[in-house]
Every structure is written in structure tokens, then in C-alpha cells.
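# Structural characterization, general
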Amino acid sequence: MDGMTEMQDDLWEVAGRRFRSRLVVGTGRYKSLEETAASIAASGAEMVTVAVRRVNLSDASAPMLQDFVPPDRYTYLPNTAGCHTAQEAVRTLRLAREAGGWNLVKLEVLGPPPFLYPDMAATFEAAAALLADNFEVMVYCADDPVAAKRLEEMGCVAIMPLGAPIGSGMGVVNPYMIRAIKSQAKVPVLVDAGIGTASDAALAMELGCDAVLLNSAIAHSQDPVRMAVAMKHAVIAGRAAFLAGRMGRDYKADASSPMTGLIRQGS
Amino acid sequence: MSWLVGRSTYRDMDQALHSRITLSVNGETRALPGGATVADLLAEIGLAARKVAVERNLEIVPRSQYGATVLASGDTIEIVHFIGGG
């Protein structure tokens, strides 16, 4: 199969759902719902993360996310942001399942500021509870190959190690571990959190990840719609580079032009 | 037709229909007419049922049961929806 044909058919699959876009985007931290909708459309993403929160009773007519990011067009991935225990995570996602009617979810249980690093003990406990309740769990986790493998063996449908702390924009700070996690995984691996700019997303894909999940890198850029376009192309480029297989690295030069047939004075 | 079964059932129903109940909705105290259902509560607030999920005393109320679920004094209700998140 040639490269062009291969990219056309290059889908990825999680829990039986197939996607063409390898960019999953968050819907938080935008200035308005209009900006959210425009940025997500520009990103080409097919799956979006969402949070579950109390309705504002004093203003029930306020526009809702669903009016701008229609769930019949995007696969909603409800998260457990703000949950610190297995019990809270299960309670939140049961409500999400009733609101949305699906069971594909993003589990994240975070430790304290300033790093909000995944709390893995609590994550394991919550994953077990959600799996027992028939959720399909995409799990945010530490960049720890042992933890990642254990989550997969428990039945999680995707492993999502952080590139760097949430909202830090520090990029993929430990590419070696991301590659290690991917090399042993049988379910999709997504870099989730830490992406700051397009080259970070491309690097994550060049490491072989199945997809990238980001939010602040678009929402907190100076021009979110333009950055969404950049992220879309970065993920496509990184994926193509991974499939193409990069050249080897060498400490010495190797000329690109032939050294024969040169014109020379006086010979 | 349960009110035909006996006088006590009829009295309970009468009381339910003519008194008001007090319950907690998203942490706020609210009063509703006795006999009000989850569907009535959503209508009073002005929420479209298809955009929210409802929990009553820590149990999910299936959307199909909103009209049949009668609220009681002291109930703790949570009404949630999807918002932007990462």
C-alpha cells in the first residue's frame, strides 16, 4: 500500500468506535461558547471531553454546551474532573451516562496543586469501580509503564499518560516513558495534558501514540481557531512521520547532493 | 385507581395534593406543591429534560421516569448537565 492510500484508511478505534481524527479536544477554558464551537470545528476533532456540573437554577435559559457542540456530531467523553474519590467519580459518571446515554468516559483523579499529578492509588480504585459498573474507561494516568499496563489489564479501553502537568504547556517532557508505555500497550495510548504548541502534538504522534488529547494549548493561545488548525495539521504530520519511519540520527554529516559530476576549473 | 382501595390511601393522596413539600435542589431549598414530579420540577425551573440528568437521594432517576417520580419532602435532588471541560 502506498503512503497516500494508507493515510486515507488510517483510522483508530477505541471501545468499538472508529475515528479518523487523532486529535481529541477539551471544551473548557474558552472565552465563550461561540469560541468553543469555532475552535473545535477548526480542530477537526470527532471526540471532545466535557465536564458534568450542577445546572444554574437561577438562569435555566442560559445557553448550554450542547447547543454549540452538538452531541450528535461529536462523541462526548465525560470526565471526572474535580472528583477526588472513587465514589465521587462513579456518581458523576453515572449522571453523565444518564444525561448522554453512553458509557465511554474519561477517568481522571488528580492529586493536589501545584502539579495536579494523577493520584494513581485513587485512579486504580475508581477504575475498578467504573469497570464493575460497565463503563468503558479511558484513563488519565502517570507516565509510568507499570501503572499503565495494570490499568490495561484491569480492562481500561485507552491509556492516557500525561505529557506534562495539566495546563502547563510544557510539552512531552518524558518522551522515553511515553514510547515505553506505547510499546507494550494493546489498547490505544493518548498523550493527555501538557501539550503547549503544535510541535508538542507532532512529537507525541511521532512517538507512536494513537491520538493526542489537549485543551489549554488551543483555548489559551492568542488565536484559538488558528491554533486549532495548527493542532489538526500537527497531529496529521506527526502520524504520517511515524508511519513513514524517520531516518537515523548521526553525529557526522552525509551530503545530500552527489559528489560526482562537479564542474571544476582547469580539469 | 389506588384511592379507591381504602380511606387511608385516599387521605394520603389528598394530603399530598394539597400541601407543599420542601426539598433541596442543587443545594438550594425549594418548595413545591405536594404531588409534584421530577418532570414538574424541571418544568418549573425551565429545563429541557433531554439536556440534564437528575439524581434523587443519590439514585439516578431515569429520564423515562421523570413524569412518574413523585417528589417527597426532604428529598435531595441534583440536576446536572454537560459543561466545557478538559
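Just so you know, these numbers come straight off a predicted model, no measurement behind them. (Residues numbered from 1 in each chain as written. Chains lettered and ligands numbered in written order. Predicted model: local features only at pLDDT ≥ 70, side-chain atom pairs only at ≥ 80, totals over all residues. Heavy atoms only, no water.)

All right, on to the packing of helix α5 (residues 120–132) of chain A against helix α6 (residues 145–154) of chain A then. All names here are of chain A. Where α5 contacts α6, the two axes come as close as 10 Å, and the packing angle between them is 10°. It follows that α5 is roughly parallel to α6 by the angle criterion. Only A147, R150, L151 and M154 of α6 make contact with α5, whose side of the interface consists of M120, F124, A127, A128 and L131. For the contact of α5 with α6, the class distribution of residues is 8 nonpolar, no polar and 1 charged. (Axes fitted to C-alpha atoms, helices over the stretch in contact; angles between N-to-C directions. Helix = DSSP H or I, 4+ residues; strand = E, 2+ residues; numbered from the N terminus. Parallel < 35°, antiparallel > 145°, perpendicular 65-115°, else oblique. Contact = heavy atoms within 4.5 Å. Nonpolar A, V, L, I, M, F, W, Y, C, P; charged D, E, K, R; others polar.)

Moving on, we get to the interface of chain A and chain B. On the side of chain B, 28 residues touch chain A, which itself brings 30 residues to the contact. Taken over both partners, the interface formed by chain A and chain B buries close to 2600 Å², and the fraction arising from carbon and sulfur atoms is 61%. Of all residues in chain A, the largest losses of buried area upon contact with chain B belong to R54(A), L57(A) and E98(A), amounting jointly to 28% of the total for that side. Where chain A meets chain B, there are 3 salt bridges. Across the pair R91(A) and E55(B) runs a salt bridge whose closest N-O atoms are separated by 2.5 Å. When residues in the side of chain A that touches chain B are grouped by element, the largest group, 7 residues, is from helix α4 (residues 86–100) of chain A. Tallied by class, the residues present in the side of chain A that touches chain B amount to 14 nonpolar, 8 polar and 8 charged. The pairing of strand β4 (residues 47–54) of chain A with strand β5 (residues 76–84) of chain B spans 5 bridges and is antiparallel. Bridge pairing in β5(B) links V50(A) to G84(B). (Buried area = accessible area lost by both parts, 1.4 Å probe. Salt bridge = Lys/Arg side-chain N within 4 Å of Asp/Glu carboxyl O. Pairing = 2+ DSSP bridges.)

In this section: the pairing of β4(A). All names here are of chain A. Of all 8 residues in β4, 6 are buried; the element is thus mostly enclosed. Relative to β4, strand β3 (residues 23–26) runs parallel, the two being bridged by 3 bridges. Directly across from V24, in β4, lies its bridge partner M47. The β-α-β motif built from β3, the intervening helix α2 (residues 33–43) and the parallel element β4 has right-handed crossover chirality. Where β4 meets strand β5 (residues 75–78), 4 bridges bridge the pair, whose relative direction is parallel. Directly across from V50, in β5, lies its bridge partner P78. (Buried < 20%, exposed > 50% of the residue type's maximum accessible area, 1.4 Å probe, protein only. Right-handed = clockwise from strand over helix to strand, strands pointing away.)

Turning next to the sheet that holds strand β6 (residues 104–107) of chain A. Residues and elements named next belong to chain A. Spatially, the 3 strands line up as an open sheet ordered β6-β7-β8, and their pairing is parallel. Two strands close off the open sheet at either side, each with one partner strand: β6 and β8 (158–161). With strand direction ignored, the average angle separating the axes of adjacent strands in the sheet is 20°. Relative to β8, strand β7 (residues 136–141) runs parallel, the two being bridged by 4 bridges.

A few words on the packing of aromatic side chains. The tally for this structure, following the rule as stated, stands at 4 aromatic pairs over all chains. Consider the rings of W102(A) and F82(B), whose centres lie 6.1 Å apart with planes at 10°: the pair is stacked. Of this pair, W102(A) sits in the loop between α4 and β6 while F82(B) sits in strand β5, which puts the two residues in different chains. Taken together, the ring pairs in this structure connect Y76(A), W102(A) and F82(B) into an aromatic cluster. Its guanidinium or amino end placed over the ring of F135(A), R97(A) lies 3.9 Å from that ring's centre, counting from NZ or CZ. In this structure, K106(A) packs its charged tip against the face of Y140(A), placed 5.6 Å from the ring centre. (Phe/Tyr/Trp six-rings, centres within 6.5 Å; stacked < 30°, edge-to-face > 60°. Lys NZ or Arg CZ within 6 Å of the ring centre and 35° of its normal.)

Residues and elements named next belong to chain B. As defined by bridge partners, strand β1 (residues 20–25) adjoins strand β2 (residues 28–33) across 6 bridges and the pair is classed as antiparallel. Bridge pairing links T22 to A31 in β2. Hairpin connection of β1 to β2: 2 residues between the antiparallel strands, including N26 at a positive phi of 50°.

Our next topic: the pattern of salt bridges. Residue and element names in this part refer to chain A. Here the structure, examined in full by the defined rule, presents 18 salt bridges over all chains. With a closest N to O distance of 2.5 Å, R94 and D133 form a salt bridge. Within this pair, whereas R94 is found in helix α4, its partner D133 is found in the loop between α5 and β7, the two being separated by 39 residues in sequence. The class of R94 is partly exposed, set by a relative accessible area of 38%. For D133, a relative accessible area of 17% translates into the label buried.

In this section: the nonpolar core. Most often, soluble globular proteins keep nonpolar side chains buried together rather than apart. Ranked by size, the top nonpolar core spans 70 residues in total, and within it L107(A), V137(A), L151(A), I159(A), I195(A), L214(A) and M231(A) carry the most contacts. By size, the runner-up hydrophobic cluster in this structure holds 21 residues, among which are V25(B), L47(B), Y66(B) and L71(B). (Core = buried A, V, L, I, M, F, W, Y, C linked by side-chain atoms within 4.5 Å.)

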